[in-house]
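Results of the structural survey
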Amino acid sequence: AEALEEISTPPRSVEESRELWHQSEISTAELSARLSEQLRLILEPTLATKLKGDYKTGKRLNMKRIIPYIASQFKKDKIWLRRTKPSKRQYQIMVALDDSKSMSESKCVKLAFDSLCLVSKTLTQLESGGLSIVKFGESVKEVHSFDQQFSNDAGAKTFQWFGFQEKKTDIKKLVAESIRIFERARPLNTGDQWQLQIVISDGLCEDHETVQRLVRRARENRIMLVFVIIDGISNNESIMDMSQVKYVPDQHGNLQLKIDKYLDTFPFEFYVVVHDIYELPEMLSTILRQFFQDLASS
Amino acid sequence: MAEDKSQVKVKFFTREQDESLHVQDTPIYAPISLKRYGLSEIVNHLLGLEKAVPFDFLIDGELLRTSLQDYLTKKGLSSETSLNVEYTRAVLPPSYLASF
Ligand SMILES: [Mg+2]
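Residues numbered from 1 in each chain as written. Chains lettered and ligands numbered in written order. Predicted model: local features only at pLDDT ≥ 70, side-chain atom pairs only at ≥ 80, totals over all residues. Heavy atoms only, no water.

What to know about the overall build of chain A
Note the following rule: Strands here mean DSSP runs of E at least two residues long; helices mean DSSP runs of H or I at least four residues long; both are numbered from the N terminus. Contact definition: two residues touch when any of their heavy atoms are within 4.5 Å.
Counting its secondary structure elements, chain A contains nine helices and 11 strands. Put simply, of all contacts in chain A between residues at least 6 apart along the chain, 76% involve residues at least 24 apart.

What follows is the structure in structure tokens.
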């Protein structure tokens, strides 16, 4: 019973969380307008919708239908294409914040809270669709779900769940669990529905290869994943200078020590390194724009 | 073998006078299963010396006689903590000293 109690009780009081939320709101108020403007341009469809078939009358002939039309003695006469009405692209967006202890050890907490507040408030203003907030560490927990209405109070309550004391950073579990949460939330009629996940973390995670496989699986499920790395604020060290130890078998099968740059094998293709909350709007919109460009050309 | 594949952020430093034994103070993400030998191999790799130098390792002034993992467990810490690891030239082995 004691263990259960521990799981269901958030580590922060609601009063403290409201105060923290309020502080984050103040720190990010100006930035929210900027981010909102940039995201609106990126997330909203700007292209005129494509021509679609098959109609009895329309704008242009659908050439594929002509031969069957003649062969059917002109009975199969739905040979026209029409320009259908532009539909608003709907997004379900999940923000996942790292609750592991390394976040508090590297003094990322303030920046992490500000980022979560900024991103969730801005996305809600865009009325893009549902918003989910997830915390991860040793385990994964959804602290705000897609079907809940987001508000300042709801935001403050999510802060309650972040104590930054978790003893592991299980990114594999995060990606796997996120795919499941998105799957459950995906409406049956998936016309123009996109699912986007923004991970906010110090970026320290193990087993890059396995994570990369999961990231690929997410992409196959039409989940876009962008990673915001919150980097070295307290001291002069940066994840960009960090290296990683690996043991790679040589031609005789003996393990050889290799030391590479940590970010060289970072499993998320779309990531940004942020040192200051003021950088976040620009960085986030840049990486999302890149994502869409990549998507369009693939 | 169900080995713990966890990694921990480590920063190496030394008080050795010899400048050629100093590594850059950038952090390294390394397996927590490492013991003295593995750590020594890393420091030597970083130093790029022609002849390998054996090192001893200390954390918070305490000589490391186990794996990093055992150290963390003993201190009630997790791999989320970054470690400042001091290295010193290994003292001569007892068998060698005895021959004097
Ligand atoms: Mg961590």
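What follows picks up the thread again.
Topic: unusual backbone geometry
Residues and elements named next belong to chain A. To keep things clear, this is the line we draw: Buried means the residue's accessible area, taken with a 1.4 Å probe over protein chains only, is under 20% of the maximum for its type, while exposed means over 50%, and partly exposed covers the values in between.
Of note, Q73 is a non-glycine position whose phi angle comes to about 55°, a positive value. In this structure, Q73 sits in the loop between α3 (66-71) and β3 (80-83). Judged by its relative accessible area of 60%, Q73 is exposed. Despite not being glycine, F74 has its phi angle at roughly 65°, a positive value. Mapped onto the elements of the fold, F74 is located in the loop between α3 and β3.

Points about the coordination of the magnesium ion
Our working definition: For Na, K and Ca the donor cut-off is 3.2 Å, while for other metals it is 2.8 Å, and in both cases only N, O and S atoms qualify; water is not among them, so sites may look incomplete.
Taken together, the protein donors to the magnesium ion comprise A:S100 (OG), A:S102 (OG), A:T169 (OG1) and B:E80 (OE), at separations of 2.1 to 2.3 Å. Of this pair, A:S100 sits in the loop between β4 (90-98) and α4 (101-105) while A:T169 is found in the loop between α6 (152-159) and α7 (171-185), placing the two residues 69 residues apart along the sequence. Residue A:S100 shares its accessibility class with A:T169, and that shared class is buried.

Digging into the layout of surface pockets
Worth spelling out the cut-off: A pocket here means an open set of points on a 1 Å grid, computed over the protein atoms alone, that has protein on both sides within 12 Å along at least five of seven lines. A cavity is instead a set of points where a 1.4 Å probe fits but cannot get out; residues with an atom within 4 Å of a point line either one. Grid points are joined across faces, edges and corners, and a volume is the space filled by probe spheres set on the points. Three classes are used, and their members are as follows: Ala, Val, Leu, Ile, Met, Phe, Trp, Tyr, Cys and Pro are nonpolar, Asp, Glu, Lys and Arg are charged, and the others, Gly among them, are polar.
Each pocket or cavity is described by its volume, and for the largest pocket that value is around 1100 Å³. What lines the largest pocket is a set of 36 residues, among which A:E206, A:D207, A:H208, B:K5 and B:Q7 lie closest to the centre. Listed by contribution, the elements that provide at least two residues to the lining of the largest pocket are α7, α8 (208-220) and β9 (243-249) of chain A together with β1 (7-13) and β2 (28-31) of chain B. Element by element, the count of residues in the lining of the largest pocket is highest for β9(A), at five residues. Of the residues belonging to the lining of the largest pocket, the class tally is 11 nonpolar, 11 polar and 14 charged.

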